[in-house]
Amino acid sequence: MTKNEFLAALAAELKKRQIPDADDIVSEYEQHFVFKIEDGFPEGEIAAKLGDPEQIAGQYEPEGPGKDQAGMRWLAGGMFAVLAIPAIMFFWVLIVMGLVLLVAALGFAVLSVCLIGGLNIDSLIPAMPYWIGAVWGLSAAFLAVLLAAGCIYWTAFIFQLARACCRCRQNSMASISGGASLPSLSIYPRFSGKVRRGLRLAVLLSLVLFAVTASLGFIAAALSAGSFQFWHAWDWFVQLVLP
């Protein structure tokens, strides 16, 4: 069974049973197909692992929960409520880490503009020949691009992890109540092929160019100052302590 055949059959069965949110259910299975196809799995194998569309649709038909199921639902709900506190703290840590990445990316971007533009606001940047500063400015720009790509991936990771946790809770509650479970979600972000290739290219190029320009800047500074410890030859620490 192909992807389109499976989705059409599932949509027809859901409509026949008058299942609420049928479009959302079909959309979830369609997304599952897209991700698995990108991972190299054939459509027929994916459809076979998902099962018969008629049986899947039948699992979404509402059933009156018994007393045992109602009790289990209350117990599971309480357990998830308790686990929500450390989960929220964990996500706050991830968000703070993402903000640190963002601030670092913006900081290196500003440093790049200052070095290449010959700007030295309030004498915060140690004195050096302009052309050496320009080389390091390029290095800072490439590092900013690398960190920005990291911010994009990290943000997508947080959102995907949140979706995976919500799906896990939803499927657990559905399993307790005898309902149907939606396909599980990976905790890792899934980008389209074009976006994934673009991010990979940006990371590789910025990493290589950062390493090259940073090395060239160091060598040029050492040759210009006549010492590998050029920061001492140019009295950087003296300037920082006594502006």
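About the cut-offs
- Each chain carries its own residue numbering, running from 1 in the written order of its sequence.
- Predicted model: local features are reported for residues with pLDDT of at least 70 only, side-chain atom pairs are reported and counted for 80 or more only, and whole-chain, interface and lining totals are derived from all residues.
- Note: side-chain values were computed over all heavy atoms of the structure, leaving out hydrogens and water.
- Secondary structure elements follow DSSP: runs of H or I no shorter than four residues count as helices, runs of E no shorter than two count as strands, and numbering proceeds from the N terminus.
- Burial status follows relative accessibility: with a 1.4 Å probe on protein chains alone, a residue under 20% of its type maximum counts as buried, one over 50% as exposed, and anything between as partly exposed.
- Should any heavy atoms of two residues lie within 4.5 Å, those residues are counted as being in contact.
- In these tables, accessible area is a Shrake-Rupley quantity obtained with a 1.4 Å probe, and a residue counts as shielded only by the protein chains included in the view.
- The working definition used for a salt bridge is a side-chain nitrogen of Lys or Arg within 4 Å of a carboxyl oxygen of Asp or Glu.
- Interaxial angle, 0 to 180 degrees, is taken between N-to-C directions of lines fitted to C-alpha atoms, where a helix line uses only the stretch in contact.
- Throughout this description, any angle smaller than 35 degrees is read as roughly parallel, any larger than 145 degrees as roughly antiparallel, any in the 65 to 115 degree range as roughly perpendicular, and the remainder as oblique.
- Take the far helix as the reference: if the near one is turned anticlockwise from it by less than a right angle, the crossing is left-handed, and if turned clockwise, right-handed.
- Each residue is assigned to one class: nonpolar for Ala, Val, Leu, Ile, Met, Phe, Trp, Tyr, Cys and Pro, charged for Asp, Glu, Lys and Arg, and polar for all the others, Gly among them.
- In plain words, nonpolar cores are sets of buried Ala, Val, Leu, Ile, Met, Phe, Trp, Tyr and Cys residues tied together by side-chain atoms within 4.5 Å.
- Within the patch definition used here, like charges are joined within 9 Å and nonpolar side chains (Val, Leu, Ile, Met, Phe, Trp, Tyr) within 5 Å, considering only residues with over 30% relative accessible area and no salt bridge.
- In this description, the arc belongs to the directions extending from the helix axis to the C-beta atoms.

## Considerations on the overall build of the protein
1) Next: Within the protein, the regular secondary structure consists of nine helices and zero strands.
2) Next: For the protein, the proportion of its 243 residues judged to be buried stands at 30%.
3) Next: Sequence-distant contacts, at least 24 apart, represent 71% of the contacts inside the protein between residues at least 6 apart.
4) Next: On the protein, roughly 15300 Å² of surface is accessible, and the fraction owed to carbon and sulfur atoms is 69%.

## A look at the pattern of salt bridges
1) Next: Going through the model one piece at a time under the given rule, you end up with two salt bridges.
2) Next: Salt-bridge contacts for glutamate 13 lead to lysine 16; the nearest nitrogen and oxygen are separated by 3.4 Å. With glutamate 13 and lysine 16 both in helix 1 (residues 3-16) and three residues apart, the pair spans about one turn of that helix.
3) Next: Note on glutamate 13: relative accessible area 15%, which makes it buried.
4) Next: Classification of lysine 16 as exposed rests on a relative accessible area of 57%.
5) Next: Between lysine 49 and glutamate 45 there is a salt bridge, and its shortest N-O distance comes to 3.4 Å. Note that lysine 49 and glutamate 45 are positioned in helix 3 (residues 43-50) at a spacing of four residues, about one turn of the helix.
6) Next: A relative accessible area of 63% means that lysine 49 is categorised as exposed.
7) Next: On the accessibility criterion, glutamate 45 (33% relative accessible area) is partly exposed.

## What to know about unusual backbone geometry
1) Next: Even without being a glycine, aspartate 235 presents a positive backbone phi close to 55°.
2) Next: The residue aspartate 235 is located in the loop between helix 8 (230-233) and helix 9 (236-241) in this model.
3) Next: According to the relative accessible area criterion, aspartate 235 is partly exposed, its value standing at 41%.

## What to know about the packing of helix 2 (residues 22-38) against helix 3
1) Next: For the pair helix 2 and helix 3, interaxial distance at closest approach is 10 Å and the crossing angle is 135°. Comparing their axes, helix 3 and helix 2 come out oblique. By crossing handedness, the relation of helix 2 to helix 3 is classed as right-handed. Side by side, helix 2 and helix 3 meet where Tyr29, His32, Phe33, Lys36 and Ile37 of the first sit next to Glu43, Ile46, Ala47 and Leu50 of the second.
2) Next: For the contact of helix 2 with helix 3, the class distribution of residues is six nonpolar, one polar and two charged.

## Comments concerning the nonpolar core
Considering soluble globular proteins, one finds that nonpolar side chains tend to be buried as a cluster.
1) Next: With 17 residues, the main nonpolar core has Phe6, Leu10, Leu14, Ile25, Tyr29, Phe33 and Tyr60 as its most contacted residues.
2) Next: Listed by contribution, the elements that provide at least two residues to this core are helix 1, helix 2, helix 3 and helix 4 (53-59).
3) Next: Looking at this core, the element that brings in the most residues is helix 2, giving five residues.
4) Next: Among the nonpolar cores identified, the runner-up in size contains eleven residues, and Leu115, Ala221, Ala222 and Phe230 belong to it.

## Brief notes about a nonpolar patch on the surface
1) Next: A cluster of nonpolar side chains, namely Ile88, Trp92, Ile95, Val96, Leu99, Val100, Leu102 and Leu106, defines an oily patch on the protein surface of about 770 Å² accessible area.
2) Next: Tracing the backbone through its elements, the reader meets isoleucine 95 in helix 5 (residues 67-117).

## Considering helix 3
1) Next: The set of residues buried in helix 3 consists of Ile46, Ala47 and Leu50. Mapping the buried residues of helix 3 onto a view down its axis gives an arc of 95°, with all of them on the same face. Looking at helix 3, the residues exposed on the side facing more than 90 degrees away from the buried face are Ala48 and Lys49.
2) Next: The secondary structure elements touched by the buried residues of helix 3 are helix 1, helix 2 and helix 4.
3) Next: In the segment just after helix 3, glycine 51 is the residue with positive phi, at about 105°.

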